[in-house]
Amino acid sequence: MEIKRLKFNCVTSKGILDGFLTPYKIIRVGIDKDLDGWRPEKGKLDKYGNEIEDREYNDLDYDKNLILEKRTELVAQKITDFLKNSSRYDKTIVFCENINHAERMRQALVNANPDIAATNNKYIMRITGDNEEGKAQLDNFINPEETFPVIATTSKLMTTGVDAQTCKVIVLDKRIASMTEFKQIIGRGTRINEDYNKLYFTIIDFRRATALFADADFDGEPVQVREDNENEEQDEEAEDSNDINNEVGNENGNNTDNGDDDTGERPRKYIVDDVEVFVIAERIQYLDSDGKLITETFKDYTRKTIRKNYSSLNAFLNAWKDADKKQTIIDELVSQGVFLDEIEAQIGHDYDAFDLICHIAFDKPPRTKKERANDVKKRNIFTQYEEKAKMVLMSLLDKYADSGLRSVETLEILKVEPFPTFGTPIEIVKLFGGKNNYFNAINELKANLYQEAA
């Protein structure tokens, strides 16, 4: 078996700051039964009538020798809520304790997303060593051009050897004690793919695994791992050889694994369906420019970071005016842990990056994209262009009002409606007298959108 030396500084602060890998934010979710533990009342029975051993259970037990079904449902709902607030088609990997847990999480996610799951049964897939159907979809999951599967639940199989270029969400619902395994898992989300707007990723942590970021070894030397999924399949199958059929056995009246038998042995796993669980703490953290997790509020950190780059509003306005592509300024801030979509979520979705930066860092009242676009239209600045070229520029202003500046700065926008009605991208560019003149017109449009930066 070939051993490859992987440079795990790909998930460390240096790899991010060098621009090779995406920065990340962390959402740490604290569940009451995890943080406080759970002790059954005397004589408490599980789902199948087994009396639960009287002791205090915690997250070391959950999904191994004790299953709290409502906990699984809560985790699935939190994942679903996050995706609904960002994009329900962001590629997501959910790391679970074992195969049994991965299957239950898959079903809980299907239940939480009945609309999409009903229209495409590959929206959520279990990709584990024992599941041939799921493994057959692995290539589709990591292919940026394939929409489905979107959410993959797994145990060990996807820890290494999976080049998930567009994976935007890593969910940790398993205890992780090994720094090697932790780096491998986090590494599934660190690839940049600008073509698919993969500039950073989110870690949702239900088991406090991200405490390992504070370990000095996280930015330490690379480690040696086997790049071989066959080993992962064998590990999963050995770990979970009896688990995957446990609940089926119970439902069929077979209590060998989960129920008391004639020998009086305790069940391998208690399954509890009537204990409520609640989120009692939730904290969002971000990686700063020094590779440390931010503990201050994100607004304060964003303001401080922007002002470190631009000492005054005029300094920012001049930099914005001089940048041929405004996206380069945004990308530089992202590399320092400034995620403008987070600010957008707090302030409003009607503003573009320019107004968000000016508002959060320099207390300037923001203007909506639609207001800026309409002001440019009223000024009638495109009189030197022929009518068809003028219509193209007006349509670009409409696109800006809908989706922001990023789309206007690329020729790809000319492939979507309504631009094909004006001709092919080449024909549209010719309306302006060639590519250079087309981009000169775009620069004029941008200068007028941000007239205060001119």
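Residues numbered from 1 in each chain as written. Predicted model: local features only at pLDDT ≥ 70, side-chain atom pairs only at ≥ 80, totals over all residues. Heavy atoms only, no water.

**Here's the deal with unusual backbone geometry**
Leaving glycine aside, a negative phi is the common case for residues, and trans is the common case for peptide bonds.
Logical step 1: Looking along the chain, the bond that leaves phenylalanine 148 and enters proline 149 is cis, with omega of -5°.
Logical step 2: Positionally, proline 149 belongs in the loop between α7 (138–142) and β6 (151–154).
Logical step 3: Here the residue pair glutamate 417 and proline 418 is connected by a cis peptide bond, since its omega of 5° sits within 30 degrees of zero.
Logical step 4: Structurally, the position occupied by proline 418 is in the loop between α18 (405–408) and α19 (425–431).
Logical step 5: Positive phi is not limited to glycine here, since aspartate 363 has a value of about 60°.
Logical step 6: One can find aspartate 363 in the loop between α15 (353–362) and α16 (369–379).
Logical step 7: Aspartate 363 gets classed as exposed once you look at its relative accessible area, which sits at 54%. (Helix = DSSP H or I, 4+ residues; strand = E, 2+ residues; numbered from the N terminus. Buried < 20%, exposed > 50% of the residue type's maximum accessible area, 1.4 Å probe, protein only.)

**Thoughts on the packing of aromatic side chains**
Logical step 1: Counting across every chain of the model gives 18 aromatic pairs.
Logical step 2: Summarising the aromatic geometry, the rings of phenylalanine 432 and tyrosine 438 are spaced 5.3 Å apart at their centres and angled 80° between planes, so their arrangement reads as edge-to-face.
Logical step 3: Accessibility expressed as a relative area gives 7% for phenylalanine 432, which makes it buried.
Logical step 4: Ring pairing ties together the aromatic residues Tyr310, Phe316, Trp320, Phe354, Phe362, Tyr400 and Tyr450, which thus form one cluster. (Phe/Tyr/Trp six-rings, centres within 6.5 Å; stacked < 30°, edge-to-face > 60°.)

**So, helix α12 (residues 313–322)**
Logical step 1: Along α12, the positions that sit buried rather than exposed are Phe316, Leu317 and Trp320. In a view along the axis of α12, the buried residues occupy a sector of 100°, so they form one face of it. Within α12, the exposed residues directed more than 90 degrees away from the buried face are Asn314 and Asp322.
Logical step 2: Elements in contact with the buried residues of α12: α13 (327–335), α15 and α18. (Arc of directions from axis to C-beta. Contact = heavy atoms within 4.5 Å.)

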